[in-house]
Each structure stands twice: as C-alpha cells, then as structure tokens.
Amino acid sequence: MKPRRSWSRVFRDAWSGIRETVMHERNMKIHAAAGIAVLIAALLLRLPARDMALLLLTIAMVLTTEVINTAIEAAVDLAAPEWHELAKKAKDASAGAVLIAAAFAVFIGLLVFWRPVMTLLGL
C-alpha cells in the first residue's frame, strides 16, 4: 500500500498539474487569457458582485474542463500510444466537454455584458 501524502504535498502536486497545463497546453493559455480579459472588463465596467461571481464560476468551469481534458488525453496516450477507436472516442468526448463549457461561457458573457456595454455606448 502506498504511503499517504501530506496535505502540503497534495496541494503542491495539484498546483503542479495546473502549472503544467497552463505552460504546455495552447488552449489552456487561450482560455486563461480570455478569462483574465473578461475579469478586467468586468472590473472596468464595475459589474455588481453577483455578475462577477457568475463570471468567476463560468471561468472556473472552462479552466477546470480544460485541465480534465488534458488529464484524459495524457492518460489515453499513455494507455494507448497507437491509434485506437476507443482512445479517439475518449479524447473527442473530453474535448467536447471543453467546447460545451466554452460555448456556455460565451453565452453567459453576452448575457452579463450586454446591458452594461450598451449603456456605455449610449444605445
């Protein structure tokens, strides 16, 4: 039986996984940059706390699905280095989860930003 890891080790390993994903996955960089841009825009528009919370939750959803997608792709590549229909299915499904999260994030962003942007533009 493997020895139990300390809580500090558990958190270090988790941060390592996040850092590796941000450093090496192009789509994670894109999602993180978009999330930062959204938060800056929300601060500049002085959105209410409820809207900020919704945006933060949405950004977290997209980033989380991207990390999970990366983990699934790595595990599938390790288990099936050669092309396999089930490996493709797993990788496509995990990429699809990211697509769903990102699409809903755009929709939520439109709902949250529509009125403040129209007001700013005087429309």
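Above this text sits the structure in question.
Owing to the predicted nature of the structure, the values given are computational and were not obtained by experimental measurement.

**Q** Hey, could you run me through the overall build of the protein chain in this one?
**A** Secondary structure assignment for the protein chain yields four helices and zero strands. The linear arrangement of helices and strands in the protein chain, starting from the amino end, is α-α-α-α. Its C-alpha atoms give the protein chain a radius of gyration of 18 Å, clearly above 14 Å, the size a compact globule of 123 residues would have. The burial tally for the protein chain puts 23% of its 123 residues in the buried class. Within the protein chain, residue pairs in contact and separated by at least 24 positions form 64% of the contacts whose partners lie at least 6 positions apart. Accessible surface computed for the protein chain: about 9,400 Å², of which carbon and sulfur atoms make up 71%.

**Q** Sorry, what's going on with the pattern of salt bridges here?
**A** A side chain with one charge can pair with a side chain of the opposite charge if their charged atoms come near. Using the criterion set out here, one finds five salt bridges in the structure. A salt bridge links Arg5 to Asp13, with the shortest nitrogen-to-oxygen separation between them at 2.3 Å. The partner of Asp13 in a salt bridge is Arg9, with the nearest N and O atoms 3.1 Å apart. Of this pair, Asp13 and Arg9 both sit in helix α1 (residues 7-24), four residues apart, which is roughly one turn of the helix. Given a relative accessible area of 39%, Arg9 falls into the partly exposed group.

**Q** What exactly am I supposed to notice about the packing of aromatic side chains here?
**A** A ring pair, where both rings are aromatic, is described by two values, the distance of the centres and the angle of the planes. Within this structure, the stated rule accounts for one aromatic pair. Residues Trp7 and Phe11 carry aromatic rings whose centres are separated by 6.2 Å and whose planes lie at 35° to one another, so their mutual orientation is tilted. Separated by four residues within a single helix, Trp7 and Phe11 lie in helix α1, roughly one turn from each other. Since its relative accessible area comes to 49%, Phe11 is described here as partly exposed.

**Q** Could you clarify how one ought to interpret the side chain of His31 in this entry?
**A** The topology assignment puts His31 in helix α2 (residues 26-44). His31 gets classed as buried once you look at its relative accessible area, which sits at 19%. Looking at His31, its side chain comes within polar contact range of the side chain of Glu66, at 3.4 Å. Not counting chain neighbours up to four residues away, the residues in contact with His31 comprise Val62, Leu63, Glu66, Val98 and Ala102.

**Q** I'm lost on the environment of Asn27 in this one. Help?
**A** Secondary-structure assignment places Asn27 in helix α2. Note: C-alpha distance between Asn27 and Leu63 (36 residues apart in sequence) is 9.7 Å.

**Q** How should I be thinking about the nonpolar core in this particular structure?
**A** A general tendency of soluble globular proteins is for nonpolar side chains to be buried together. Listed in full, the seven residues of the largest apolar core are Ala42, Leu47, Met52, Leu55, Ile108, Val112 and Phe113. Elements that contribute at least two residues to this core include exactly α3 (49-79) and α4 (85-120). For this core, the leading source of residues is α4, giving three residues.

Each value, and the rule that gives it
Residues numbered from 1 in each chain as written. Predicted model: local features only at pLDDT ≥ 70, side-chain atom pairs only at ≥ 80, totals over all residues. Heavy atoms only, no water. Helix = DSSP H or I, 4+ residues; strand = E, 2+ residues; numbered from the N terminus. Rg over C-alpha atoms; globule rule 2.2 N^0.38 Å. Buried < 20%, exposed > 50% of the residue type's maximum accessible area, 1.4 Å probe, protein only. Contact = heavy atoms within 4.5 Å. Areas by Shrake-Rupley, 256 points an atom, 1.4 Å probe, with all protein chains shown as cover. Salt bridge = Lys/Arg side-chain N within 4 Å of Asp/Glu carboxyl O. Phe/Tyr/Trp six-rings, centres within 6.5 Å; stacked < 30°, edge-to-face > 60°. Polar contact = N/O pair within 3.5 Å; in protein donor to acceptor, adjacent residues only side chain to side chain. Core = buried A, V, L, I, M, F, W, Y, C linked by side-chain atoms within 4.5 Å.

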